[in-house]
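Notes for the structure review
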Amino acid sequence: MKKKLNFMEFMNRCLPNMEDLQDSGQTSGCGSGGCGSQTTANTIVTDGGCSSGGCSSSLAEAFVEPSATCELGTCGCQPESEGFIHKPMNRRDAIKTMVGGTAATVALAQTACSPANTPEEKEEIRLKWSEYFKGNFREMTEKERASTIQRLERLAEMRGKDINVSKLGPQENVLYGYAFNIGKCKGYRKCVDACVHENNQDRDTKMQYIRIFEMENGKINLEDGKADYFHAVPREGHYYIGTQCFQCENPPCVKVCPVGATWKEKDGIIVIDYDWCIGCRYCQAACPYWARRFNWAEPKLSNEQENGKQHYLSNRKRKQGVMEKCTFCLQRTRKGENPACVEACPTGARVFGNLLDPQSEIRKIIASKRVFRLKEELGTEPKFWYYMDQ
Amino acid sequence: MKSLFYFFFDGFKHLYKGGPSYYAWVIFLKIVMLVGLYAWYIQIRDGLQVTGMSDHVSWGFYISNFTFFVGVAAAAVMLVLPAYVLHDSDFSQAVLLGEGVAVSALIICIGFVGVDVGRPDRLWHMIPFIGNLHFPESMLAWDLIVLNGYLALNSLIPFYILFCKYRGIKPNNKLYVPFVYLSVFWAVGIHMVTAFLYAGLTARPYWNSSLLGPRFLASAFAAGPAVIIMVLMVIRNVWKFPIRNVTLDKLAMIATVAAQVNLIMLGSEIFKEFYWPTEHSQSAQYLFFGLHGHDALKGWIWFSIILNIIVTGFMMVHPIRKNHRVLPVLCLLLFISIWIEKGLGIIVPGFIPSPLGEIVEYTPSHIELMVSAGIIALGIFIFTCLSKVAVGIEKGEIKKSQ
Ligand code: SF4
Ligand code: SF4
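Residues numbered from 1 in each chain as written. Chains lettered and ligands numbered in written order. Predicted model: local features only at pLDDT ≥ 70, side-chain atom pairs only at ≥ 80, totals over all residues. Heavy atoms only, no water.

**Describing the overall build of chain B**
If you tally the helices and strands in chain B, you get 14 helices and 0 strands. Going from N to C terminus, chain B has its helices and strands arranged as α-α-α-α-α-α-α-α-α-α-α-α-α-α. Since a compact globule built from 402 residues should have a radius of gyration of about 21 Å, the 22 Å found for chain B is in line with a globular shape. Dimensions of chain B along its principal axes, counting C-alpha atoms only, are 70 × 55 × 40 Å. Looking at chain B as a whole, 57% of its 402 residues are labelled buried. (Helix = DSSP H or I, 4+ residues; strand = E, 2+ residues; numbered from the N terminus. Rg over C-alpha atoms; globule rule 2.2 N^0.38 Å. Buried < 20%, exposed > 50% of the residue type's maximum accessible area, 1.4 Å probe, protein only.)

Below is the structure:
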């Protein structure tokens, strides 16, 4: 009997909160511009915000005359037309309405049930609530992408960090490839450090995407190498060989994912939607190169350590219980920069480029040097070649 | 509609009828479940770091047990086979308890998958149309479908039979027997799909063998009937439910044959791995002999294999197998040996060494053991409830009042 009462109390505390959020939350999500976005009936709490202003203030107006900013997809206040046609989303919205106060409330119980009185707290719950019900990034409309990014940026702002999350897609006629000169690498592991800083990995467990194996001359099997060496390098009679995610052209990790949370982009990069991954770790078992890393606990990363220049599919902050891995720094490369590891390497052992450009250095290396790839026999077609100068 | 309501009402009421030992049993199960629940809470709060798993051995005790209990679920339905072979026995009665075991084992399986994922709150992403199920590429998507289908099949058939008996009607054979046949084939299906989960991964040569599926099946058809024999004997003694010796003997026969086949396949694997060991034999090397001084599983696997050989040997002798004092002991030992072989010997070594040749060992943590105990207790609890009601109806203790 007593148990039941407590449960009712719990529900009573949760539900009214959620409801008045839905009323009051509409306007509070706006970044800078004046946007009183009115949402349609079946999206309870989405799309509160507008980053750049200039948004029409009522639904009717929005339908008639979407403003210029909205068309660019930078604003979360676009008309709902697309969302209505898009069936899966629509069903999801229906579910979202139905389950109000059940499963998700439990997930959010900690925050939701502490009396949320300040508008800030209410906003945070509202944002997290919408985040919980969003779809897979690959299936989102431009508008939905914009609004989730807005929520992510706002949530980061609320914890005191200004971040900029990009959703820049693959560039035309680009297929990224990588070459690693095993003759040049001296095992300094500057790339490892640069990667950790660039990609916001968990500092607690010292998660690293890149592994540098110290190999005795005359050996080639990685089993015989050592990835955890702690002495001065380079060591006499040894050479060094680095691994990371090879962005396989035929990736087994993608095939096995039960929810489609990981996929290959047009520019050949294998990405993970960290907010869609259920953490089953099937992909980790399927990767023949041991490239994937799991967040066994809530990642530790202070605001100072966090790199604010982020991409939705790459280095944005991860959560507990999801998979992650190297993306060849797509937050940088899609803007035309080199990956952080390439930039950091003092010996020039790392070469990155566009495989579709016949003039690129990587193409020249593949054409003129003796190159090999790891576990060629598995048919995964890694886009990562090893080579030597002589 | 009304009788459906009373069916459930009477069923639940029956659950509260029982002697002190029944109550003690149920309370014991509930305590274990609560302990498991608490451990799971800690795991959710702090993340999977509280388990023994790591990026190197990324599946452990949970997935091993999942695999094993899929086998038990699949084999449970084999109880209907002897009934078929024997034609004269009461068919529906045999189906009921077998499917009760199947349902409980499936709930255990689903429980193990549920606690293994890092984000149980996002499991709705797997629901077709609402989320996106990656079907047909992902074998895990297949597994989800076949396991739930099997669960539905095995809940609905007994429900139909019991509901008929409750109302005093004879179940219509034509209505449910086709589904019983289907469930036998489906049983093979769930097991093969589960084997394909692992066999499809070229990254792990230890699993990437065409023998994995058949070997799974053989060991399941040895361990499953062994469980059922024990369960039937307990039910026969405690609830005075008439179960004929011949049913037990047939089951024991199935278990024996399956155990023999399992041993033959094990032998063939061992031959392949060790006659000319290659780089791909390293996992087997680790499992049976240890690798570079790491040999956490060596003792377990040899214990299991030796036990398995001895028990199978005894079961091959007719008088010993037919002695119903010895049989449950043999079944228990067979069950334990296969549980170790499949539980520790199939999943974990697949991760050692890692695809890049690093060796990191694995031992389940206390939290993992507690959560696992909780899930198994949940399965046993559900079986206790289901079989109590089923036996009650079969014996005519629960009847629709006029
Ligand atoms: S290296 Fe591994 S994680 Fe990267 S694409 Fe290939 S299989 Fe996937
Ligand atoms: S861990 Fe995440 S990305 Fe990997 S298979 Fe599971 S759901 Fe997909």
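This is not the end of the story, as more comes after the structure.
**Some remarks on the site of ligand 2**
Within the structure, ligand 2 sits among Cys257, Pro258, Val259, Thr262, Cys277, Ile278, Gly279, Cys280, Arg281, Cys283 and Met323 of chain A. Its residues assigned to classes, the shell around ligand 2 shows 8 nonpolar, 2 polar and 1 charged. (Near = heavy atom within 4 Å. Nonpolar A, V, L, I, M, F, W, Y, C, P; charged D, E, K, R; others polar.)

**Topic: the sheet that holds strand E10 (residues 350-354) of chain A**
Residues and elements named next belong to chain A. What the 4 strands build is an open sheet, ordered E10-E2-E12-E11; its pairing is mixed. In this open sheet, the two strands that pair with only one neighbour each are E10 and strand E11 (371-372). The pairing of E11 with strand E12 (residues 384-387) spans 2 bridges and is antiparallel. By the bridge assignment for E12, Val371 is matched with Tyr387. Where helix H15 (residues 361-368) meets the sheet, its contacts fall on strand E2 (176-181), E10, E11 and E12, and the angle it forms with E10 comes to roughly 110°. (Pairing = 2+ DSSP bridges. Contact = heavy atoms within 4.5 Å. Axes fitted to C-alpha atoms, helices over the stretch in contact; angles between N-to-C directions.)

**Notes on a nonpolar patch on the surface**
A cluster of nonpolar side chains, Tyr16, Tyr23, Ile27, Ile31 and Val35 of chain B, forms an exposed patch at the surface whose accessible area comes to about 510 Å². Tracing the backbone through its elements, the reader meets Ile27 of chain B in helix H2 (residues 20-46). (Patch = residues over 30% accessible without salt bridge, like charges linked within 9 Å, V, L, I, M, F, W, Y side chains within 5 Å. Areas by Shrake-Rupley, 256 points an atom, 1.4 Å probe, with all protein chains shown as cover. Salt bridge = Lys/Arg side-chain N within 4 Å of Asp/Glu carboxyl O.)

**Section: the confidence of the model for chain A**
Atomic detail in the predicted coordinates should be set aside for any region of low pLDDT. Here chain A averages 79 in pLDDT, while 70% of its residues score no lower than 70. Note on residues 100-107 of chain A: pLDDT under 50 across the span, and 12 contacts to partners over four residues away in sequence or across chains. (pLDDT = per-residue confidence, 0-100.)

**What to know about the interface of chain A and chain B**
Taken together, the 51 residues of chain A in the interface contact 50 residues of chain B. Here chain A packs against chain B, burying approximately 4200 Å² in sum over the two surfaces, 55% of which is carbon and sulfur. Taken as a group, Tyr282, Trp290 and Trp296 of chain A account for 19% of the area that chain A buries against chain B, more than any other trio of residues on that side. Summed over the shared surface of chain A and chain B, the number is 3 salt bridges. (Buried area = accessible area lost by both parts, 1.4 Å probe.)

**Describing the site of ligand 1**
Among the 13 residues in the neighbourhood of ligand 1, the closest are listed as Cys245, Phe246, Cys248, Cys253 and Cys287 of chain A. Partitioning the shell around ligand 1 into residue classes produces 10 nonpolar, 1 polar and 2 charged.

**Let's talk about the pairing of E12 of chain A**
Residue and element names in this part refer to chain A. Judged by which residues are buried, E12 turns out to be covered on both faces: Phe384 and Tyr386 on one side and Trp385 and Tyr387 on the other are all buried. By the bridge criterion, 4 bridges tie E2 to E12 in an arrangement that is parallel. Its bridge partner lying in E12, Ala179 is registered against Trp385.

**Some words on the side chain of Ser354 of chain B**
Structurally, Ser354 of chain B can be placed in the loop between helix H13 (326-343) and helix H14 (366-394). For Ser354 of chain B, the contacting residues outside a window of four places in its chain are Trp290 of chain A together with His56 and Arg204 of chain B.

**Describing unusual backbone geometry**
Cis geometry is found at the peptide bond from Val233 of chain A to Pro234 of chain A, where omega equals -5°. If you trace the backbone, Pro234 of chain A turns up in the loop between strand E3 (211-216) and strand E4 (238-243). For the peptide bond that leads from Ile352 of chain B to Pro353 of chain B, omega is -5°, which places it in the cis range. Relative to the helices and strands, Pro353 of chain B resides in the loop between H13 and H14. The phi angle at Arg189 of chain A is positive, at roughly 60°, despite the residue not being glycine. Within the secondary structure, Arg189 of chain A sits in the loop between E2 and helix H10 (190-199). Non-glycine residue Lys375 of chain A carries a positive phi angle of around 50°.

**Some details on the packing of helix H11 (residues 298-315) of chain B against H13 of chain B**
Residues and elements named next belong to chain B. H13 packs onto H11 with a crossing angle of 145° between their chain directions and a minimal axis gap of 8 Å. Handedness of the H11/H13 crossing: left-handed. Residues Trp300, Ile301, Phe303, Ser304, Leu307, Asn308, Val311, Thr312, Phe314 and Met315 of H11 form the contact with H13, whose own contacting residues are Leu327, Leu330, Leu333, Leu334, Ser337, Ile338, Ile340 and Glu341. A breakdown of the residues in the contact of H11 with H13 according to their chemical character gives 13 nonpolar, 4 polar and 1 charged. (Left-handed = near helix turned anticlockwise from the far one by under 90°.)

**Brief notes about a negative patch on the surface**
On the surface, Glu216, Asp224 and Glu377 of chain A together with Glu279 of chain B cluster together into a negatively charged patch. Of note, Asp224 of chain A is situated in the loop between E3 and E4. (Lys, Arg positive; Asp, Glu negative; His and termini not counted. Charge placed at Lys NZ, Arg CZ, Asp CG, Glu CD.)

**Description of the environment of Ile301 of chain B**
In this fold, Ile301 of chain B is placed in helix H11. Beyond its immediate sequence surroundings of up to four residues, Ile301 of chain B is in contact with Leu287, Phe288, Glu341 and Gly345 of chain B.

**Structural notes on helix H10 (residues 282-289) of chain B**
Helical periodicity: at 3.6 residues per turn, an α-helix aligns residues three or four positions apart in one direction. Residue and element names in this part refer to chain B. Of the residues making up H10, those classed as buried are Ser283, Ala284, Tyr286, Leu287 and Phe288. Those residues of H10 hidden inside the fold are in contact with helix H9 (245-275) and H11. A positive phi of about 90° marks Gly290, the residue just after H10.

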